[in-house]
Amino acid sequence: AKAAAAAGNVEYARELLTEVAPNAAEAYKIVNKAGAQMGKINAAIREVQNDRKLSAGEKRTKIRKLTDTRNKLARTVAGIVDKLEEDQGQTFKGAA
């Protein structure tokens, strides 16, 4: 689960959370919001990549900041999944 979330596989993390009992609803909301945010970050990265007005160095700097933000968000989602696994005393099916 942690690896899936860290890789940005929010859909898989969402599937895992549907299997969790008491905290699933709240965690599902968090994962959904994270997925939407990751989508926006990925769109911003593509926008920077396609911007002909920016130099290579400017693109690199902007993309690095966006990637760092995306990775931090993925780590947060992975932490949520880890916490749910710990609370439930199990590893969810397909978890890496």
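Residues numbered from 1 in each chain as written. Predicted model: local features only at pLDDT ≥ 70, side-chain atom pairs only at ≥ 80, totals over all residues. Heavy atoms only, no water.

What to know about the overall build of the protein
Reasoning step 1: Within the protein, the secondary structure is distributed over four helices and zero strands.
Reasoning step 2: For the protein, the α and β elements follow one another from N to C terminus as α-α-α-α.
Reasoning step 3: Relative to its 96 residues, the protein shows a buried fraction of 30%.
Reasoning step 4: Counting only contacts in the protein whose residues sit at least 6 apart along the sequence, the fraction spanning at least 24 positions is 61%.
Reasoning step 5: For the protein, the accessible area works out to roughly 6,200 Å², and carbon and sulfur atoms hold 50% of it. (Helix = DSSP H or I, 4+ residues; strand = E, 2+ residues; numbered from the N terminus. Buried < 20%, exposed > 50% of the residue type's maximum accessible area, 1.4 Å probe, protein only. Contact = heavy atoms within 4.5 Å. Areas by Shrake-Rupley, 256 points an atom, 1.4 Å probe, with all protein chains shown as cover.)

Section: the confidence of the model for the protein
Reasoning step 1: For the protein, per-residue confidence averages 79 on the pLDDT scale, and residues scoring 70 or more make up 62% of the total.
Reasoning step 2: Per-element mean pLDDT across the protein ranges from 59 in helix 1 (residues 2-6) up to 88 in helix 4 (residues 56-88). (pLDDT = per-residue confidence, 0-100.)

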